[in-house]
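Understanding the architecture of this molecule
Residue-level listing of the chains:
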Amino acid sequence: MGLESEFGQFFLTTKLGDLINWGRTNSLWPYPFGTACCAIELMATLAAKYDLSRFGMEVIRFSPRQSDVLIVAGRVPIKLMPVLQRIYQQMPEPKWIVSMGACASTGGEFNTYAVVQGIDRFLPVDVYVPGCPPRPETLITALMMLQKRIDGENPFGPADSRPPAEIGPLAQSHA
Amino acid sequence: MEPATDIEQGLRRAAPEAVLDVHRFRDQLTITLRREHAKRLLGFMRDDAGLRFAFLSDLSGVDVVELGRAWRFEVVYHLVSFDHNRRVRIKTAVPGDDPWTDSVVDLWKGAIWQEREVFDLLGVGFRGHPDLRRILLPDDFADHPLRRDYPLRGKGERENFPVLGKPRPRDFVPLFAAAKEPNAGH
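Quick caveat, the model's predicted, so the values are computed rather than measured. (Residues numbered from 1 in each chain as written. Chains lettered and ligands numbered in written order. Predicted model: local features only at pLDDT ≥ 70, side-chain atom pairs only at ≥ 80, totals over all residues. Heavy atoms only, no water.)

**Observations regarding the interface of chain B and chain A**
Cut-off, in case you're wondering: Residue contacts follow a heavy-atom distance rule, with two residues in contact if any of their heavy atoms lie within 4.5 Å. In short, buried area is how much 1.4 Å probe accessible area vanishes from two parts on joining, totalled over both. The term salt bridge refers to a pairing of a side-chain nitrogen on Lys or Arg with a carboxyl oxygen on Asp or Glu at a separation within 4 Å. Residue polarity is assigned by list, with Asp, Glu, Lys and Arg as charged and Ala, Val, Leu, Ile, Met, Phe, Trp, Tyr, Cys and Pro as nonpolar; anything else, Gly included, falls into the polar class.
In this complex, chain B contributes 26 residues to the contact, which on the side of chain A involves 28 residues. Surface buried jointly by chain B and chain A totals about 2400 Å² across both partners, of which 61% is contributed by carbon and sulfur atoms. It is Arg158, Leu164 and Lys166 of chain B in chain B that bury the most area against chain A; as a group they hold 31% of the surface buried on that side. Here chain B and chain A share 1 salt bridge between them. Residue glutamate 159 of chain B pairs with arginine 121 of chain A through a salt bridge whose shortest N-O separation is 2.9 Å. Partitioned by chemical class, the residues of the side of chain B that touches chain A number 16 nonpolar, 2 polar and 8 charged.

**Focus on unusual backbone geometry**
Glycine aside, residues mostly have negative phi, and peptide bonds are mostly found in the trans state. The following threshold applies: Each helix is a run of DSSP H or I of at least 4 residues and each strand a run of E of at least 2, with the numbering of both proceeding from the N terminus. For every residue, the accessible area (1.4 Å probe, protein chains only) is compared with the maximum for its type, and the residue is labelled buried under 20%, exposed over 50%, or partly exposed between those bounds.
In this chain, glutamate 93 of chain A is followed by proline 94 of chain A through a cis amide linkage whose omega measures -5 degrees. The omega torsion of the bond from cysteine 132 of chain A to proline 133 of chain A falls at -10 degrees, within 30 degrees of zero and hence cis. Note that proline 133 of chain A resides in the loop between strand S4 (127-129) and helix H6 (136-151). Despite not being glycine, aspartate 27 of chain B shows a phi value in the positive range, around 65 degrees. Residue classification places aspartate 27 of chain B among the partly exposed positions, given a relative accessible area of 44%.

**With respect to the state of the cysteines**
Test applied: Note on disulfides: each one is a pair of cysteine sulfur atoms within 2.5 Å.
Following the criterion strictly, the structure yields 0 disulfides over all chains and no others. No disulfide involves cysteine 103 of chain A; its sulfur sits 5.6 Å from that of cysteine 132 of chain A, the nearest cysteine.

**Brief notes about the pattern of salt bridges**
Residue and element names in this part refer to chain B. As enumerated under the stated definition, the model contains 20 salt bridges over all chains in all. In this structure, arginine 86 engages aspartate 6 in a salt bridge whose closest nitrogen and oxygen atoms are separated by 2.8 Å. Of the two residues, arginine 86 sits in strand S5 (residues 86-94) while aspartate 6 sits in helix H1 (residues 5-14), which places them 80 residues apart along the sequence. You can call arginine 86 buried: its relative accessible area is 17%. Residues arginine 72 and aspartate 63 are paired through a salt bridge, measuring 2.9 Å at the closest nitrogen-oxygen approach.

**Focus on helix H4 (residues 81-90) of chain A**
Residue and element names in this part refer to chain A. Defined as follows: As used here, the arc belongs to the directions running from the helix axis to the C-beta atoms.
Every buried residue of H4 is listed here: Met81, Leu84, Gln85, Ile87 and Tyr88. The buried side chains of H4 occupy one side of the element, clustering within an arc of 160 degrees when seen end-on. Away from the buried face of H4 by more than 90 degrees, exposed residues Arg86 and Gln89 are located.

**Regarding the sheet that holds strand S1 (residues 30-34) of chain A**
All names here are of chain A. Using the following cut-off: A pair of strands is considered paired only if DSSP assigns at least 2 bridges between the two. Here, axes are lines fitted to C-alpha atoms. For helices the fit covers the stretch in contact, and angles between N-to-C directions go from 0 to 180 degrees.
On the basis of which strands lie adjacent, the open sheet formed by 4 strands has the order S1-S2-S3-S4 and parallel pairing. Two strands in the sheet have a free side with no partner beyond their single neighbour: S1 and S4. Sheet twist, expressed as the mean angle between neighbouring strand axes with direction ignored, is 20 degrees. Alignment of strand S3 (residues 96-100) against S4, held across 3 bridges, turns out to be parallel. Paired with methionine 100 across the bridge in S4 is valine 129. Sheet strands in contact with helix H3 (residues 38-46) are S1, strand S2 (69-73) and S3, and its direction is about 130 degrees off that of S2.

See the structure below:
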């Protein structure tokens, strides 16, 4: 490239969209919406052994206004669904949702009047994490899938132009 | 241990027509009372020197519609006497067509949330309760889901939310174009 050869190693040329995606991918700030045992596994993922900060996510934010990934970990009752939707609306764009565990994704074993049967009925979920609860490795795989997806987005285009998330080894074994 | 017969005798002396049923099972005594007399008799059991059931251990409600009794609901009081070291279970029979009973918040202040819970889940009203609102379910919930005729999967409450979609990313190109144009708003 011309600039690098002219000015040396201190210059790097790239496309603006790639630069934006590089930044977004490697600095995800999760909001932990933990309501059940999945939140314990989420905490284990954040702790020293699994250390989610290796993926640029060490900044867990407890305010939706400072976060861009909503990790819903646990069952969502009907009383909590308006709260969850309000939290999602308060998050700045661009924003993504990870539905962690069987309960958040489908209602799990709680097929009752009080539990929402999957948050994806009312919220746009990007990645689902299977398990009851999922182990930290599964959550890390899901978040890496989300990173791949974000990296493939066109940051200037409409939302529909995003490619589908690449199917990782864990999801493949389910299919 | 012999089930305490003095409790039943004391209640029958205080109000003979109030006792609907007396049940003994494994040394546990359960007495069912008419709702019109229940609060007065519970106060009597709390204050009577021979009984002294001063502590309301638990207050709950049951829908007994499938048991074929003359009443539909039972409000259950578990009383403990620390003075005499014994327990008793008192039930109040509440008919289903006009479900109410008298609040015992005057006698035990701790009953305030438990009566709200029974009201919330079973729809039994408590006369004289200072703040009878729902305590667990959302305020706009229309039903009482612990009733036996309420379906397990609800009546559509869990489907009744707006569907939020993915927000459309901001289009950068018109944003830059708008900056070049003269501002028509001013």
